[in-house]
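# Structural features, examined
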Amino acid sequence: MQTKYKSVMCKDIEPSMSGQSVTIAGWVHQIRDLGGKKFIIVRDGSGLVQVTVSKDSAQKELIDIVEQLTLESVIQVKGVVKADSRAPRGVEIVPTEIRILNLAKKPLPLDVSGKVPADLDTRLRERVLDIRRLEMRAIVRIGDTALRVIREVLRSKGFVEVFTPKIIATATEGGANLFPVIYFGREAFLAQSPQLYKELLAASLERVFEIAPAWRAEESDTPYHLAEFISIDIEAAFMDYEDVMKILEEVIYEVVKAVKQENEEDLKILNYTPPEVSLPIPRVRYVDAVNMLRSKGVEINVGEDLSTPHLRVLNEVLNTPLYFITEFPTKIRAFYTKPKDDDPLFSESFDLVWKHLELASGSSRIHIKEQLIKALTERGLNVESFSFFIKWFDYGMPPHAGWGMGYSRLLLMLTGRSSVKEVTLFPRDKKRLVP
RNA sequence: GCCGCGGUAGUAUAGCCCGGCUAGUAUGCGGGCCUGUCGAGCCCGUGACCCGGGUUCAAAUCCCGGCCGCGGCGCCA
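Residues numbered from 1 in each chain as written. Chains lettered and ligands numbered in written order. Predicted model: local features only at pLDDT ≥ 70, side-chain atom pairs only at ≥ 80, totals over all residues. Heavy atoms only, no water.

## Topic: the nonpolar core
Condition: For our purposes a nonpolar core is just a set of buried Ala, Val, Leu, Ile, Met, Phe, Trp, Tyr and Cys residues, chained together by side-chain atoms within 4.5 Å. A 1.4 Å probe rolled over the protein chains alone gives each residue an accessible area, and that area as a share of the maximum for its type sets the label: buried under 20%, exposed over 50%, partly exposed in between. Only DSSP runs of H or I with at least four residues qualify as helices, and only runs of E with at least two residues qualify as strands; both kinds are numbered from the N terminus onward. Note on contacts: a residue pair is in contact if any heavy atoms of the two residues lie within 4.5 Å.
Within the largest apolar cluster, 54 residues are counted, with the highest numbers of intra-cluster contacts made by L248, I252, L322, L352, W403, M413 and L414. Counting residues per element, this core draws most heavily on helix α6 (residues 241-262), which supplies 11 residues. With near-sequence residues (within four places) excluded, M413 lies in contact with I252, V256, Y272, P274, P275, L322, W354 and L359. Counting residues in each nonpolar core, the second largest holds 23 residues, with C10, I13, V77 and V91 among its members.

Written as structure tokens, this is what we have:
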């Protein structure tokens, strides 16, 4: 799209356009100065293109401007496209005018061109420059593909995208710590999950999904936790856990397929191949998982939750990158989780695990008021504070099920990075509040 | 929060075990040469031992405390 500042994007300049006059605008990615020949690699939102300035043919002012340039300065270049096999991608621009729109200070606090690696801590401190790096752009583009495909798959199944409130009244859902906010003089909290509201919406709209932030003020200080994260949630009436598992595995399958097809170049930049996904994704019952662990000498009893070290062993035993663990003990799951009809100690629940990382978790939900009150009471939760939720179970709450998936964790699987902080543009953790 | 490892130029690292150097290298930056680079090349230069205390003739190096980071664990409906 032509704008006030540019006629084409860098990536779209091709040898076939030889002779055409163009205007580009972007950042000085690299300068290679050979004396009589100066190569400026210009980067914009789309990619890179080379601008070549020769001493003999170029005007003196042009040379003067090039000599002032610093890395990451913003420039606008008017010139003529020239096909040349010696240039990267076989094409370059011979400039007639170069304007400096913003001269960058030097030295840069971070190497954008990718010659010198930086620690994640440094990268997050200098995040805006870091995001200009080709690797980060690849991660963002892969995430974009994932979000698009998730929306497409869910819409094709009749789900509608919704938003639930992020400022909520009660902090009584369980163990997680919430961030308090002052709401017109009253105490309120940032939502830790859309759970209760998405259930209420499923009771009206039948199939809903939401992609939105959630907040948890946990002590958790690991490469898989953030204080603010994007949660991908679905909730559907007239489905059970097995129905929504099928939706989840199809979403994963389609996302991986699309990323492999559409982000080939980005994956190459990242030097990574996402795992092979074939349907159905293997399912392991919790009880069987515990037995497998015990047979490997791991000390664990039925009823205990599976920890990260447990999942590491399980992943080895199962020898598959992606798997479901199903039918967890009822008492280690959230109060709204539906116990199995024939064996209420276990529940209609599941986790989707990649290697040793929980990507998503879901269940059938209780839809009978008395059972819900019983579940709350058993967990020592204050029934009264859930009245805003329970009330609607009197007026046609259908059987329903759903899941929630961490967006940055999914991105870990799709990009091969090891920390959710790396794949989150501006991560919020216990220590980081800026930038 | 606990355990482990670490903190050296703007960035990334060597040196630390075995105390003594003008603290090495890459990249960046400044200067010089160079008309086809694509991590350009070559030459010259520039710039650093986290903070505080201790041991010692002498500390980047050993010891103690602090701060910060990374990993593992814990916590995380």
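## Considerations on the packing of α6 against helix α12 (residues 407-415)
Here is the rule: Interaxial angles span 0 to 180 degrees and are taken between N-to-C directions of axes, which are lines fitted to C-alpha atoms, for helices over the stretch in contact. Geometric relationships in this document are graded by angle, where less than 35 degrees denotes roughly parallel, more than 145 denotes roughly antiparallel, 65 to 115 denotes roughly perpendicular, and other angles denote oblique. It is the rotation of the near helix from the far one that decides the hand of a crossing: anticlockwise by less than a right angle makes it left-handed, clockwise makes it right-handed. Asp, Glu, Lys and Arg are counted as charged, while Ala, Val, Leu, Ile, Met, Phe, Trp, Tyr, Cys and Pro are counted as nonpolar; the rest, among them Gly, fall into the polar class.
Direction vectors running N to C along α6 and α12 enclose 45°, while the axes themselves pass 11 Å from each other. Between α6 and α12, the angle falls in the class oblique. Here α6 and α12 pass one another in a crossing that is right-handed. Touching I252, V255, V256 and V259 of α6 are L410, M413 and L414, all from α12. Class assignment of the residues belonging to the contact of α6 with α12 gives a composition of seven nonpolar, no polar and no charged.

## A word on the pairing of strand β14 (residues 349-354)
Put simply, the rule is: Between any two strands, at least two bridges found by DSSP are needed for them to pair.
Counted residue by residue, β14 has six buried out of six residues, so it is predominantly covered. The two faces of β14 match: S349, D351 and V353 on one face and F350, L352 and W354 on the other face are all buried. Here strand β13 (residues 322-326) pairs with β14 via five bridges, running antiparallel. Residue L322 lies in a different strand from β14, and its bridge partner there is W354. Pairing between β14 and strand β15 (residues 357-365): six bridges, direction antiparallel. For F350, the partnering residue across the bridge sits in β15 and is G362.

## Regarding the domain arrangement of chain A
Filter applied, for reference: Domain extents, as shown, originate in an automatic or database domain assignment. The buried area of a pairing is the accessible area, by a 1.4 Å probe, that goes missing from both parts when the two are put together, added over both. Here, a salt bridge means any side-chain nitrogen of Lys or Arg that lies within 4 Å of a carboxyl oxygen of Asp or Glu.
Once the domains are mapped, chain A shows domain 1 (10-102) and domain 2 (131-282 + 320-423). Relative to domain 2, the C-alpha centre of domain 1 lies at a distance of 47 Å. Across the contact, nine residues belong to domain 1 and four residues belong to domain 2. Between domain 1 and domain 2, the buried area comes to about 450 Å², and carbon and sulfur atoms account for 41% of it. For the interface between domain 1 and domain 2, the tally reads one salt bridge. The salt bridge involving R132 is made with E72; its shortest N-O contact spans 3.0 Å.

## A few points about helix α9 (residues 308-318)
Convention followed: Note: the arc covers the axis-to-C-beta directions of the helix.
Three or more residues of α9 are buried, namely H310, L311, L314 and N315. The buried side chains of α9 occupy one side of the element, clustering within an arc of 135° when seen end-on. Residues of α9 that are exposed and angled more than 90 degrees away from the buried face: P309 and E316. Where α9 is buried, its residues contact α8 (286-295), β13 and β14. Looking at the residues trailing α9, positive phi occurs at N319, about 55°.

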